[in-house]
Each structure stands twice: as structure tokens, then as C-alpha cells.
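These are the residues of each chain, in order.
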Amino acid sequence: MEKIVYLLIGATITWGLYFIQRTLERRKTTEVIDRNQKLLNLKQGLEQASTNLEDLRQFESQLIGKAEAAVKIAGHYVSQAGEVARHGDTLSAHDEFSQQAIAGFQRVDARLDGLVEHLGKQLDGDNLAAFEQVHLAWLSFRERYARFIAQSYSGGSIQPLIHAVTLESITAAWIAELETQLGDDDDATD
């Protein structure tokens, strides 16, 4: 009698484990089917949009480039803010940091000039005229924006620093945007 009970318990456990295994296998199969269906939908969508994987890779690389530029800009801001905070509100520290910020802006502005010159050689006719018009409007915006941000700081001695840092950061962001949208050749800005 005892053997029959053990046999029934063993059969029940085996039967239970079998159905658990089948349920898990079905779940894996369902997940694979779902994943393959999503891939098929993506492939069909790409074909309808006349887009290939290389276009997607290029787009991804452009987005990563923008993200990296944003991280660099943010890191630069954090390091400059840390330096200002460590040195306190002494006038000489502000002057020193203002000079460093102005030099940083001048380097980025020179890089922008090189990129604009490079893009000017790539564009022609209406595209060049449109780009020049947009760039001139952006330069005007850049200056007004930097002035606005600097004026929002009540301390007069820190305003030149804030103005220069703002000019530098917005210029670096514009460079990243131009390189992402228009620039195919990184050699122009290195």
C-alpha cells in the first residue's frame, strides 16, 4: 500500500513538473514569436519608409554625438561652477575665471568659424543663402541670450563670467547641431 502512495505522489509530482515545464516552454515560444513579429513589423516599416539599417545606424550615431556634446557641455558647466564655489566671491577669482571663460568661448567660437567655413564650401545657391541667413540670426540670438542670462545674476562682478560661459555653451550646442544635421566630415572642426 505504501508503494502505491509513493507511486501516486511521484506521478503527481512528475505530472506537475511536466505541466510547469510545458507552460514555461510555451512562454518562451510566445516571447520568441512576439519578438519575431516585432522585428518583421520593423522590417516592413523600414521598407515602406525606404530606410535601411545603415540609415538607422547613421541616425543613431548622430543622436549619440548630440548626447555626448550635451554631456561635455554639462560637465564643463559643473567644473566651472565648482571652481567658482571653491574660490568664493573674491573679485580676483571672478576676474581670473572670467578670463578663462572668455578664452574658452574664443576657442569654441574659432571652432564654429571653421565649421561654418567648411559648410559654406559644401552648400551652394539657395541652401548657402538660407544657411547664412539662419546663422546670422543665430549669432544675434546667441548674444541676446547670453546677455539675458548674465543680467539675471545680481552680482555685477560675476556677470562677465556668466556671459562668457553662456556664450561658450550655446556655441558648443550650435556646433553639435550643425555637425549632426549638416556636417558629414569631422575633419572640418578638429
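Residues numbered from 1 in each chain as written. Predicted model: local features only at pLDDT ≥ 70, side-chain atom pairs only at ≥ 80, totals over all residues. Heavy atoms only, no water.

Colleague: I'd like a description of the packing of aromatic side chains, backed by residues and values.
Modeller: We describe a pair of aromatic rings using the distance from one ring centre to the other and the angle between the two ring planes. Counted according to the given criterion, the structure contains two aromatic pairs. Aromatic side chains Trp-138 and Trp-174 sit 5.0 Å apart centroid to centroid with 10 degrees between the ring planes, which places their arrangement in the stacked category. Placement of the pair is Trp-138 in helix α4 (residues 125-151) and Trp-174 in helix α5 (residues 159-181), with a sequence separation of 36 residues. For the pair Trp-138 and Trp-174, one class covers both residues: buried. Geometrically, the ring pair formed by Phe-141 and Tyr-145 is stacked, given 5.6 Å between the ring centres and 25 degrees between the ring planes. With Phe-141 and Tyr-145 both in helix α4 and four residues apart, this pair spans about one turn of that helix. The class of Tyr-145 is partly exposed, set by a relative accessible area of 34%. (Phe/Tyr/Trp six-rings, centres within 6.5 Å; stacked < 30°, edge-to-face > 60°. Helix = DSSP H or I, 4+ residues; strand = E, 2+ residues; numbered from the N terminus. Buried < 20%, exposed > 50% of the residue type's maximum accessible area, 1.4 Å probe, protein only.)

Colleague: Residue-level account of the side chain of Thr-171, with values.
Modeller: By the secondary structure assignment, Thr-171 is in helix α5. Look at Thr-171 and you get buried, because its relative accessible area is 0%. In this structure the side chain of Thr-171 is engaged in a polar contact, spanning 2.9 Å, whose partner is the side chain of Arg-142. The residues touching Thr-171, leaving out its near neighbours within four places in the chain, are Phe-105, Val-108, Asp-109, Leu-112, Trp-138 and Arg-142. (Polar contact = N/O pair within 3.5 Å; in protein donor to acceptor, adjacent residues only side chain to side chain. Contact = heavy atoms within 4.5 Å.)

Colleague: So what about the confidence of the model for the chain? Which residues, and what values?
Modeller: In this model, the chain carries an average pLDDT of 78, and 81% of its residues clear a pLDDT of 70 or more. Put simply, helix α2 (residues 53-87) is where the chain has its lowest mean pLDDT, 68, and α4 is where it has its highest, 90. Per-residue pLDDT stays below 50 along residues 186-190; that stretch engages in six contacts with residues further than four places along the chain or on separate chains. (pLDDT = per-residue confidence, 0-100.)

Colleague: Can you lay out the packing of α4 against α5 for me, pointing to particular residues and giving the numbers?
Modeller: Running from N to C, α4 and α5 point in directions that differ by 150 degrees, and their axes come no closer than 8 Å. Between α4 and α5, the interaxial angle falls into the category roughly antiparallel. Here α4 and α5 pass one another in a crossing that is right-handed. Looking at side-chain class alone, the contact of α4 with α5 contains 13 nonpolar, six polar and three charged residues. (Axes fitted to C-alpha atoms, helices over the stretch in contact; angles between N-to-C directions. Parallel < 35°, antiparallel > 145°, perpendicular 65-115°, else oblique. Left-handed = near helix turned anticlockwise from the far one by under 90°. Nonpolar A, V, L, I, M, F, W, Y, C, P; charged D, E, K, R; others polar.)

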